[in-house]
Amino acid sequence: MLRDIEALSTAGVPVYAERGRHGGYALLPGFRTELTGLNHDEALALLTAGSGHGERVFGLGSALAAAMRKVVDALPPGHRATVDDAARRLLVEPETDLLSRRRVSEQVAVGVMGEVRHAVVAGRRLRLHYARPGKDPHWHTIDPLGLVTVRDHTYLLATRSGEDRTYRVSRILAAEVLPDRADRPEHIDLDRIWAERSARFLAEDHLTVRVRVDPARREELLGMTRAVLAEQPGDDGRLDLEVTFEDLRHAVWALWQLDTGAEALAPAELRAALHERAVTLADRYADDAE
């Protein structure tokens, strides 16, 4: 402890000793830090980053808001007003785009994110109630490695009985931090782990589809696919993508949502299924069209 006090004093923090039975160490009254090394653009970068959808990541919205207030309060007076005003003029990732399409954010059960985050940071084992699509929920005890957020979806990377596991946080119905230490390496390279698991995921059984899509509907398509394998501009102003779906039924459902905004180029079985569905619907309304 004495070494810490000495380090603070050396750094210019006014720490003094209070003698007596209830003594200890304290800061001089009224002392506050100033981020004198933070220039205008650096402070603006922090405030702008905190203004976007990042505040919802990992359930740290309130903590981020408090941190941003402290950044502003600690700025030298000359910077404070101009940075705050500038930050109000920059908007990052609003809820809707110019076409009034609302951002679709995953819903996480109340209390789940806090437990998951605590287990990851504290290195504790985690017991979770997980619901896979189309399956009954089950309880699992896992060793968490880290959290990854991609395109507004958050994933928990973990191991279970020594086997790699990846969980969609929005599918966790309940979670409980256990007192046991997690069985995990001391140093974890999340970038490498995520890349390896992504590669394995793409190699699993799935339906690969080539689709031509209107650029205005691209994000909508990506929100329904399992993965994107390739993308390039088409000859007619549209985009040619190679994507994957869970199965034929999933692909038919997704492309039907896009109406004329997308066209399945392959496989043939998908084109046939979409054609059959379109003919059935056309026949149903044929009398009204005459």
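The following paragraphs examine the structure supplied in this document. (Residues numbered from 1 in each chain as written. Predicted model: local features only at pLDDT ≥ 70, side-chain atom pairs only at ≥ 80, totals over all residues. Heavy atoms only, no water.)

### With respect to the overall build of the protein
Reasoning step 1: Looking only at helices and strands, the protein features 10 helices and 11 strands.
Reasoning step 2: For the protein, the residues scored as buried account for 29% of the 290 residues in total.
Reasoning step 3: Look at the contacts in the protein between residues 6 or more apart in sequence, and 59% of them connect residues 24 or more apart.
Reasoning step 4: When the accessible area of the protein is evaluated, it comes to approximately 19000 Å², of which 51% is carbon and sulfur surface. (Helix = DSSP H or I, 4+ residues; strand = E, 2+ residues; numbered from the N terminus. Buried < 20%, exposed > 50% of the residue type's maximum accessible area, 1.4 Å probe, protein only. Contact = heavy atoms within 4.5 Å. Areas by Shrake-Rupley, 256 points an atom, 1.4 Å probe, with all protein chains shown as cover.)

### What to know about the pattern of salt bridges
Reasoning step 1: Applying the stated rule across the entire model yields 12 salt bridges.
Reasoning step 2: Residue aspartate 164 pairs with arginine 197 through a salt bridge whose shortest N-O separation is 3.4 Å. Taken together, the residues aspartate 164 in strand S6 (residues 163-168) and arginine 197 in helix H6 (residues 190-203) connect sequence positions 33 residues apart.
Reasoning step 3: For aspartate 164, a relative accessible area of 37% gives the class partly exposed.
Reasoning step 4: The class of arginine 197 is buried, set by a relative accessible area of 8%.
Reasoning step 5: With its nearest N and O atoms 2.8 Å apart, the salt bridge here joins arginine 218 to glutamate 231. Here glutamate 231 lies in strand S9 (residues 227-233) and arginine 218 lies in helix H7 (residues 218-222), a separation of 13 residues in the sequence. (Salt bridge = Lys/Arg side-chain N within 4 Å of Asp/Glu carboxyl O.)

### What to know about the nonpolar core
Reasoning step 1: Ranked by size, the top nonpolar core spans 20 residues in total, and within it Val209, Val211, Leu221, Leu241, Phe245, Leu255 and Leu270 carry the most contacts.
Reasoning step 2: When sequence neighbours within four positions are dropped, the list of residues in contact with valine 209 reads Leu241, Glu242, Val243, Phe245, Ala251, Ala266, Pro267 and Leu270. (Core = buried A, V, L, I, M, F, W, Y, C linked by side-chain atoms within 4.5 Å.)

### Here's the deal with the pairing of strand S5 (residues 153-160)
Reasoning step 1: For S5, the tally of buried residues reaches six of eight residues, placing the bulk of the element in the interior.
Reasoning step 2: Two elements, S5 and S6, share six bridges in a ladder whose sense is antiparallel. The partner of threonine 159 across the bridge, within S6, is aspartate 164.
Reasoning step 3: Between S5 and S6, which pair antiparallel and follow one another directly, the connecting turn spans two residues, one of which, serine 161, has a positive phi of 55 degrees. (Pairing = 2+ DSSP bridges.)

### Here we look at helix H8 (residues 248-257)
Since there are 3.6 residues in each turn of an α-helix, residues three or four apart along the chain are aligned in direction.
Reasoning step 1: Among the residues making up H8, those that are buried are His250, Ala251, Val252, Ala254 and Leu255.
Reasoning step 2: At its buried positions, H8 is contacted by strand S8 (207-213), H7, strand S10 (239-245), strand S11 (262-266) and helix H9 (268-284).
Reasoning step 3: Where H8 starts, the residue carrying a side-chain oxygen 3.3 Å from the main-chain nitrogen of arginine 249 turns out to be aspartate 247.
Reasoning step 4: Positive phi shows up at aspartate 259, right after H8, with a value of about 55 degrees. (Polar contact = N/O pair within 3.5 Å; in protein donor to acceptor, adjacent residues only side chain to side chain.)

### Let's talk about the pairing of S9
On a regular strand, each side chain points to the face opposite its neighbour's, so the side chains alternate between the two faces of the sheet.
Reasoning step 1: Bridge count for S9 against S10 is six bridges, and the pairing is antiparallel. Bridging across to S10, glutamine 232 finds its partner in aspartate 240.
Reasoning step 2: Hairpin connection, S9 to S10: the antiparallel pair is bridged by five residues, and glycine 237 has positive phi, about 90 degrees.

### Quick look at a nonpolar patch on the surface
Reasoning step 1: The grouping of Phe201, Leu202 and Leu229 at the surface amounts to a nonpolar patch, some 220 Å² of accessible area in total.
Reasoning step 2: Among the structural elements, leucine 202 can be located in helix H6. (Patch = residues over 30% accessible without salt bridge, like charges linked within 9 Å, V, L, I, M, F, W, Y side chains within 5 Å.)

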